[in-house]
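Okay, here's what each chain looks like letter by letter:
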Amino acid sequence: MAEEEFLPFGDNTFDLVVSSLSLHWVNDLPRAFQEIYRVLKNDGVFIGAMFGGETLYELRCSLQLAEIEREGGFSPHVSPFTAVNDLGNLMGRAGFNMLTVDTDEIQVHYPGMFELMKDLQGMGESNCAWNRRCLLHRDSMLAAAAIYQDMYGEEDGSVPATFQIYCMIGWKPHESQAKPAKRGSATMSFGELGKVNEIVSKSKKDDT
């Protein structure tokens, strides 16, 4: 295995780099994107998917409210995630162009908060922060489960867990790639787009 921030490959090695739901574990995401860019050949493409900022917001909110109520303060118990705007900026700074970043949300229903936390532990997706507080008091856990059920519970008694996923594509520049037109070179304003059918029809008549 290799660390994403220090890929053991030479420059311009690959036509394609793929990452699936692992970049949220990276300590230095800007460096990881720079390394991916480095090992790609010109006109190479990076395709990736990672968990986004709204992932597990129900669990995060319930734990925070419970700790504030029972202990007078809270510590993060869910790993931090990147915002979609930051993701596009980081890829652009690394050198990628023709960027596409899309978001999707998947909801999984569990019998309760404890079943969700057991599932996360089984997936190896527990909190990865170094400065996290390892101890979570029993009273706070029970309060969080009750808050989770009260705020987000469904009619059938289950609770939802939201996973936000960012899908991204970025290309390493090459002279063969399509380039945007120069600023000010447009021959039609946005205000005329509503008349496009009329303009096309008139153009066809003029050609005949």
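Residues numbered from 1 in each chain as written. Predicted model: local features only at pLDDT ≥ 70, side-chain atom pairs only at ≥ 80, totals over all residues. Heavy atoms only, no water.

Enquirer: Quick question: what am I supposed to make of the environment of lysine 172 here?
Expert: Structurally, the position occupied by lysine 172 is in the loop between β4 (159–171) and α6 (196–207). It is 7.0 Å that separates the C-alpha atoms of lysine 172 and leucine 40, two residues lying 132 residues apart in sequence. In this structure, lysine 172 is in contact with Asn12, Tyr37, Arg38, Leu40, Lys41, Asn42, Asp43, Gly44, Phe96, Asn97 and Gln177, ignoring residues within four places of it in sequence. In this structure the side chain of lysine 172 is engaged in a polar contact, spanning 2.9 Å, whose partner is the side chain of asparagine 12. A polar contact is formed between the side chain of lysine 172 and the backbone oxygen of leucine 40, at a distance of 2.7 Å. (Helix = DSSP H or I, 4+ residues; strand = E, 2+ residues; numbered from the N terminus. Contact = heavy atoms within 4.5 Å. Polar contact = N/O pair within 3.5 Å; in protein donor to acceptor, adjacent residues only side chain to side chain.)

Enquirer: Explanation requested: the pairing of β4 in the structure shown.
Expert: Every other side chain in a regular strand lies on the same face of the sheet, so the side chains alternate between the two faces. The element β4 is largely enclosed, with a buried count of 10 among its 13 residues. In this structure, strand β2 (residues 40–51) lies alongside β4, joined through 7 bridges in antiparallel fashion. Considered in β4, the bridge of methionine 50 is made with tyrosine 166. (Buried < 20%, exposed > 50% of the residue type's maximum accessible area, 1.4 Å probe, protein only. Pairing = 2+ DSSP bridges.)

Enquirer: What is the right way to read the packing of helix α4 (residues 113–122) against helix α5 (residues 138–152) from this model?
Expert: Helix-helix packing: each pair is described by the crossing angle between the helix axes and the interaxial distance. One can describe the packing of α4 onto α5 by two numbers: an axis separation of 9 Å at closest approach and a directional angle of 110 degrees. By the criterion of interaxial angle, the relationship of α4 to α5 is roughly perpendicular. In this structure, α4 contributes Met113, Phe114, Leu116 and Met117 to the contact, and α5 contributes Met141, Leu142, Ala144, Ala145 and Tyr148. (Axes fitted to C-alpha atoms, helices over the stretch in contact; angles between N-to-C directions. Parallel < 35°, antiparallel > 145°, perpendicular 65-115°, else oblique.)

Enquirer: It is not clear to me how unusual backbone geometry should be interpreted in this structure. Could you clarify?
Expert: Excluding glycine, residues mostly have negative phi values, and the peptide bonds linking residues are mostly trans. The residue asparagine 12 is not glycine, and still its phi comes out positive at about 55 degrees. The residue asparagine 12 is located in the segment before β1 (14–20) in this model. Judged by its relative accessible area of 40%, asparagine 12 falls in the partly exposed class. In this structure, leucine 56 takes a positive phi of about 60 degrees despite not being glycine. Take leucine 56: it is sitting in the loop between β2 and α2 (57–71). Given the relative accessible area of 6%, leucine 56 is considered buried.

Enquirer: What is the right way to read the nonpolar core from this model?
Expert: Nonpolar side chains tend to gather and get buried jointly when the protein is soluble and globular. Counting 23 residues, the largest nonpolar core has Leu56, Leu59, Met113, Leu116, Tyr148 and Ala161 as its most contacted members. With 7 residues, the top contributor of residues to this core is α5. Ranked by size, the runner-up nonpolar core spans 19 residues in total, among them Val26, Ala32, Phe46 and Leu90. (Core = buried A, V, L, I, M, F, W, Y, C linked by side-chain atoms within 4.5 Å.)

Enquirer: For this particular structure, what's the right way to read the packing of aromatic side chains?
Expert: The geometry of an aromatic ring pair comes down to the distance between the two centres and the angle between the two planes. All told, the structure shown has 7 aromatic pairs when counted by the stated rule. For the pair phenylalanine 9 and phenylalanine 14, a centre-to-centre distance of 5.0 Å together with 85 degrees between the ring planes defines the contact as edge-to-face. Plain terms: the ring middles of tyrosine 148 and tyrosine 152 are 5.7 Å apart, the flat faces sit at 75 degrees to each other, and that makes the pair edge-to-face. Here tyrosine 148 and its partner tyrosine 152 are both found in helix α5, 4 residues apart, which amounts to about one turn of the helix. For the pair formed by tyrosine 148 and tyrosine 152, the shared burial category is buried. Looking at lysine 172, its charged tip hangs above the ring of tyrosine 37, at a distance of 4.9 Å from the centre. (Phe/Tyr/Trp six-rings, centres within 6.5 Å; stacked < 30°, edge-to-face > 60°. Lys NZ or Arg CZ within 6 Å of the ring centre and 35° of its normal.)

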